4 protein chains.
Amino acid sequence: MNMLSALTGDDEVAALLSDAAQIAAMVRFEVALAEASAEAGLITAEAAAAVVAAAAGFEPDRADLAEGMQRDGVLVPSLVKQLRARMPEEHRGALHQGATSQDAIDTALMLQLAKVIDVLEQRLTAVQSRLDALRDGHGIRPLMAHTRMQAALPTTWAEKFRSWSEPLVRYLASLAAARRSLLVVQLGGPVGDRGSFVGRGDAIARLLAQKLDLGLASPWHTTRDPIVAFGALLALISGSLGKMGADIALQTQSEVAAVHIAGGGGSSAMAHKNNPVAAEVLVSLARFNAGLSGTLNQAMVHENERSGAAWTLEWMVLPQMAVTAGASLRLGLQLLGQLRFGSE
Amino acid sequence: MNMLSALTGDDEVAALLSDAAQIAAMVRFEVALAEASAEAGLITAEAAAAVVAAAAGFEPDRADLAEGMQRDGVLVPSLVKQLRARMPEEHRGALHQGATSQDAIDTALMLQLAKVIDVLEQRLTAVQSRLDALRDGHGIRPLMAHTRMQAALPTTWAEKFRSWSEPLVRYLASLAAARRSLLVVQLGGPVGDRGSFVGRGDAIARLLAQKLDLGLASPWHTTRDPIVAFGALLALISGSLGKMGADIALQTQSEVAAVHIAGGGGSSAMAHKNNPVAAEVLVSLARFNAGLSGTLNQAMVHENERSGAAWTLEWMVLPQMAVTAGASLRLGLQLLGQLRFGSE
Amino acid sequence: MNMLSALTGDDEVAALLSDAAQIAAMVRFEVALAEASAEAGLITAEAAAAVVAAAAGFEPDRADLAEGMQRDGVLVPSLVKQLRARMPEEHRGALHQGATSQDAIDTALMLQLAKVIDVLEQRLTAVQSRLDALRDGHGIRPLMAHTRMQAALPTTWAEKFRSWSEPLVRYLASLAAARRSLLVVQLGGPVGDRGSFVGRGDAIARLLAQKLDLGLASPWHTTRDPIVAFGALLALISGSLGKMGADIALQTQSEVAAVHIAGGGGSSAMAHKNNPVAAEVLVSLARFNAGLSGTLNQAMVHENERSGAAWTLEWMVLPQMAVTAGASLRLGLQLLGQLRFGSE
Amino acid sequence: MNMLSALTGDDEVAALLSDAAQIAAMVRFEVALAEASAEAGLITAEAAAAVVAAAAGFEPDRADLAEGMQRDGVLVPSLVKQLRARMPEEHRGALHQGATSQDAIDTALMLQLAKVIDVLEQRLTAVQSRLDALRDGHGIRPLMAHTRMQAALPTTWAEKFRSWSEPLVRYLASLAAARRSLLVVQLGGPVGDRGSFVGRGDAIARLLAQKLDLGLASPWHTTRDPIVAFGALLALISGSLGKMGADIALQTQSEVAAVHIAGGGGSSAMAHKNNPVAAEVLVSLARFNAGLSGTLNQAMVHENERSGAAWTLEWMVLPQMAVTAGASLRLGLQLLGQLRFGSE
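The rules behind the values
- All residue numbers refer to position in the chain's written sequence, counted from 1.
- Chain letters and ligand numbers both follow the written order, the letters beginning at A and the numbers at 1.
- Local features in this predicted model are restricted to residues whose pLDDT is 70 or higher, and side-chain atom pairs enter the listing and the counts only when it is 80 or higher, whereas totals over whole chains, interfaces and linings include all residues.
- Calculated side-chain values reflect all of the structure's heavy atoms, with hydrogen atoms and water omitted.
- Contact between two residues is taken to exist if any of their heavy atoms lie within 4.5 Å; hydrogens are not considered.
- By convention, the term buried area covers the 1.4 Å-probe accessible surface removed from two parts as they join, with the contributions of both added.
- Salt bridges are defined as contacts in which a side-chain nitrogen from Lys or Arg sits within 4 Å of a carboxyl oxygen from Asp or Glu.
- The numbering of helices and of strands both runs from the N terminus, where a helix is a DSSP run of H or I of at least 4 residues and a strand a run of E of at least 2.
- Exposed residues in this analysis have more than 50% of their type's maximum accessible area, buried residues have under 20%, and partly exposed residues fall in between, with area computed by a 1.4 Å probe over protein chains only.
- Least squares is used to superpose the copies, and the fit set is the C-alpha atoms of residues whose pLDDT is at least 70 in both copies.
- Simply put, an axis is a line fit to the C-alpha atoms, just over the touching stretch for a helix, and the angle between two N-to-C directions goes from 0 to 180 degrees.
- Here is the rule for angles: anything less than 35 degrees is roughly parallel, anything more than 145 is roughly antiparallel, 65 through 115 is roughly perpendicular, and the remaining ranges are oblique.
- For this scheme, ten residues count as nonpolar: Ala, Val, Leu, Ile, Met, Phe, Trp, Tyr, Cys and Pro. Four count as charged, namely Asp, Glu, Lys and Arg, and the remainder, Gly too, count as polar.

Colleague: Got a sec to walk through the interface of chain C and chain D? Specific residues and values, please.
Modeller: With 61 residues of chain C at the contact, the number on the chain D side is 61 residues. The contact between chain C and chain D buries some 4,900 Å² in all, and 52% of this surface belongs to carbon and sulfur atoms. Of all residues in chain C, the largest losses of buried area upon contact with chain D belong to R148(C), V301(C) and N304(C), amounting jointly to 14% of the total for that side. Summed over the shared surface of chain C and chain D, the number is four salt bridges. Of the charged contacts in the structure, one is a salt bridge between K160(D) and E305(C), with a shortest N-O distance of 2.9 Å. Taken together, the elements giving at least two residues each to the side of chain C that touches chain D come down to β1 (142-147), β2 (150-156), α8 (157-181), α10 (225-251), α11 (277-298) and α12 (308-338) of chain C. With 15 residues, the top contributor of residues to the side of chain C that touches chain D is α10(C).

Set out below in structure tokens:
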């Protein structure tokens, strides 16, 4: 589905959530865990050094990982086995000691999402800047307001730009808040009570968080509300851009022509068409992410101390939502650059 | 569908979102608007007094309102007409002057949601207290942890209570934040630019907010993200309670019996059954609100300066979500009170 | 939420799915079951006569039913108790003998849905007739076709009417098919294997189906695909009417004015507005039913021999979907009658 | 997201819906259209031969197609340009003559879905065969039935197998019906009225359908109910397999142990675990497809004669649904093969 992703996807965000990025983040987790565990006295400094050495230059056997994924439902057992095979036998137990797959996967996700948030913030800021510039350049132009699909009363483009821009301010604030509330370390051990770290769990978690530049939190294997709330934010971003897309598609209708799109899409059958492709796709992305948001909420019903069913559902949904929010911002930025007013 | 609402509904929250409550809140808006408009010099003090007098003891003609709803898609034109009929002719224009239906309806909703938030906060606090008490009374009891639907390792009930409780702390914080970010006055006039208030719009909005104890905001007719974000929070509340329900349904299975429910549901065919009805319904409510959350997000694509399609969709979804979140907390509180451990 | 239902609801379909209708259908089930059981030799003719007598003129104690609903998660235990209280003690066991709550509730639902299908068929046929009349009266009128929100090439209104009409033909066929595939008797006993009818279950089911004019089927307590497929059909109906609504809202835009709506909605602020309220609400209904359709599908994951969680979710969703489909057709029919072409 | 697709994806179905498969199907459409157009007298036999020659051995320039996709929102203009570049100038106009992008894309989708249906039928039949064999081998084994998450009464495994199997019979019938109702040719021209084929449209459509082994239909650019109904069927398939997965996850719980899974998943932390990974993932897939089904329904609101927004949404959703249904059947088949009863 590569071709479609040229239209509806986002290469930059997708790369941050790729297999390669996830594996790298999980290896980073294992290294930081070993270092933290050594500092906290759970494993020896030599063992930690062996983990660091094993991770250096590690190239995963991806076929083996995929096989492990199919069998175990998670990558981690295979990944740990591959890493351990690069270690002296006496230190192998120190890798991943006390941890569970979910510690590695959830913490890795946070490392990945930190970068996704960077991208989203940059793009939200860029869209805002462009809206500011449009307001400065064209805000005083008259615009017929439309309510309930009917011409209502005259207003100005400044009002339109304001309505597109104000939610983005809130999203930037929400992303900043998500850095604190979402981007936290996961460390619970097999059943989420840190019992496997024999009294050193809290100390290790604190050190781990420092090393990975993540917040500290009690284990959250089964309390997925920050993940789902982040998905809700991604859907809001796509939603507001979808509203902008819908407005532009309506304003560029042949009969309305309040604004024009430079370089809209062509048709295989009608040479005169100048289709508002990006505007329409913004609506598609909004509806797609809206739907996924509902599905992600279904993953809140997380049975007992770990639900394979609910957790796998998150994996199927959240990355798509991030890519879609990224695509919304990418297309929104492009589309604003294509708007032409009056005789421009 | 009264019977079903005995199981899945919530009378208290439903009453706060009833027709009667909405009409009362809209009348309160019109009165406060008239007073604010008089203070700001848009209308005379006499006219404002006439609005106050018309509102006092007002009993709406509900058949006429329903007819207006069908015709106009909103209650307000009929409501304004009914109120104006109670006023001396010379002051009638002062009622609702400069305002649009959406100003009345959205502001009224905020007044109603303020009370809904009160109820949710009280119940979240009550559920938390009960979880604290359970932790104090039973937290040290051993519990077999289950991951991926299999017995894993022993832990304690304290961990279970913690996992049920921690998200609720976050929801209380989110509700407190929603009081500031969501509960704001709506005042924009016909096309959302306050032009109809001829230069006094900002002053009127400020006074209106004070009188109604709401926050101040620029017009948000078309930027519905705070509404949709509130819906997302409602779904999270139901989701976490649904997780608790799923855990309890699993732990009370005949073969597991880690805890018992005093006074579970009976069966028409099997006298020995003690069904975890409330636990199961918590799961239903979670899934229902999850789905509605996705649908509410579809209302983000709000065309131009007012979308009847998107706005009506909000009305169909948001009240149900609030009632469902209320029901989740109501049932969760009941269920926690029914839990019996060991030989209790 | 009465006022809103004046706009988005449907009194006729809602009545068919009301508490009163459900209780009446469940009583009808119990009577037919008793008669079938007597004919099959499971209970005596005297006992069956006692059931018939108890049902005659039965007025349920609704407060007691609501209490039972809360406690048991189903109405049936309370209902059976109320009916048995009207019977001589020696025959009480014959009422509901061998059956389970789900037999009564699911079969009652089928009796109710049979009438819902009647209404939907009548309305689909009425919408089609009106479309045929429009095609005959106005089909040759020219219409500018719009693709991707841009004027494309001229076509005729006949094409528009065709595109609105053709799906309805398919829905009528699907409803006719649903009469056979969906409207079947439910009889399984406590765990769905008819074991409680001690060898007479198949015979009783056959007789029961005859008496209730329903199809025969093996027990389907846990196989809910016909229910969910019916929901999908309801969403398609609302979807096609939503497409029609979107088209009309676009065609009646002030700048396009390809058609007019006689008696559209008024505004509280702009006397010149003629809002396409019904057209917009058709879009709302389509999006609402689309979302509910996804939620109903979540109820397919029905645990073991009866899932209170999944089944309750169906109850929360399916009736709303039927009412919404009914409202779509009601509004669609109204809206088509309001269309005015040219100088009409 | 390759690794995840090892768990939740389906290589075979994904290949049928890949870019390569889509391009091949679109080329096949263009060839058949040219041949049909020649037979119907719209273009010359020489021109048709030139189209056939251009298609033979055609290797698309995929970078150019991706660029076209981004610009035009559809692949077809670029594809047509590439094919025309391989033709003598005088015949270039004959390629795609009278057609629109949607004719090519929708018809290509039908050619692709025909093969997807083949795969789904094969797998449904295979799952059924395995269920028949299980019933023959283990049906008489006793099983404790569970209703509302509680042990109810004894039944047999035969009942369980029956409940898993019966819906599949219906899905096979629905797939057979979909071959007739869904797999039809799309030919409408730019605005869906076949006007561009200057009187020969119906004849060309008939010939085209014959050549491509598809059904005949009037243009359905904007009436997407057969597509959405097919999506609903895909969700039902995943739903029923999800029910089976939920049952198996419950039955293989450590405390219930009514059946065992040979070769379940391992844990990175607990060597004794035998996780029902496939069973859990079946639940994930069901919930994922349920959610997507709701989103696909949103695409029913298809504005005017072609909605870029609604159509693009279909592309984002339907292929994922088909892959997910394929994965459900793949995993279900695998899981049934892993079940071990008693001392097996």
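Colleague: Summarise the environment of G265(D); cite the residues concerned and give the values.
Modeller: Residues and elements named next belong to chain D. Mapped onto the elements of the fold, G265 is located in the loop between β3 (260-261) and α11 (277-298). Look at G265 and you get buried, because its relative accessible area is 1%. When the C-alpha atoms of G265 and V277 are compared, they prove to be 5.7 Å apart, with 12 residues separating the residues in sequence.

Colleague: Can you break down the relation of the copies chain C and chain D residue by residue, with the values?
Modeller: Take chain C, turn it by 180°, move it 0.0 Å along the axis, and it overlays chain D with an RMSD of 0.0 Å. Here the transformation between the copies is reduced to the relation of a two-fold axis. Within chain C, the C-alpha atom positioned nearest to the axis of rotation is that of G294(C), 1.9 Å from it. Taken together, the interface assignments show that 100% of the residues at the interface of chain C recur at the interface of chain D, consistent with an identical surface on both copies.

Colleague: Outline the packing of helix α5 (residues 62-72) of chain B against helix α6 (residues 76-84) of chain B, supporting the account with residue identities and numerical values.
Modeller: Residue and element names in this part refer to chain B. Between α5 and α6, whose axes approach to 7 Å, the crossing angle comes to 140°. It follows that α5 is oblique to α6 by the angle criterion. Contacts from D64, L65, G68, R71 and D72 of α5 reach α6 at P77, S78, L79, K81 and Q82. Tallied by class, residues from the contact of α5 with α6 come to three nonpolar, three polar and four charged.

Colleague: So, the pattern of salt bridges: which residues are in play, and what are the values?
Modeller: Applying the stated rule across the entire model yields 80 salt bridges over all chains. A salt bridge links R62(A) to D19(A); the nearest nitrogen and oxygen atoms lie 3.4 Å apart. Separated by 43 residues along the polypeptide, R62(A) in helix α5 (residues 62-72) and D19(A) in helix α3 (residues 19-39) bring together distant segments of the chain. We note a salt bridge from E39(B) to K211(B), for which the minimum N-O separation is 2.3 Å. You can see E39(B) sitting in helix α3 (residues 19-39) and its partner K211(B) sitting in helix α9 (residues 201-212), a full 172 residues away along the chain. The exposure class assigned to K211(B) is partly exposed, which follows from its relative accessible area of 31%. Several salt bridges converge on common partners, so that one network encompasses D10(A), E12(A), R123(A) and R330(A).

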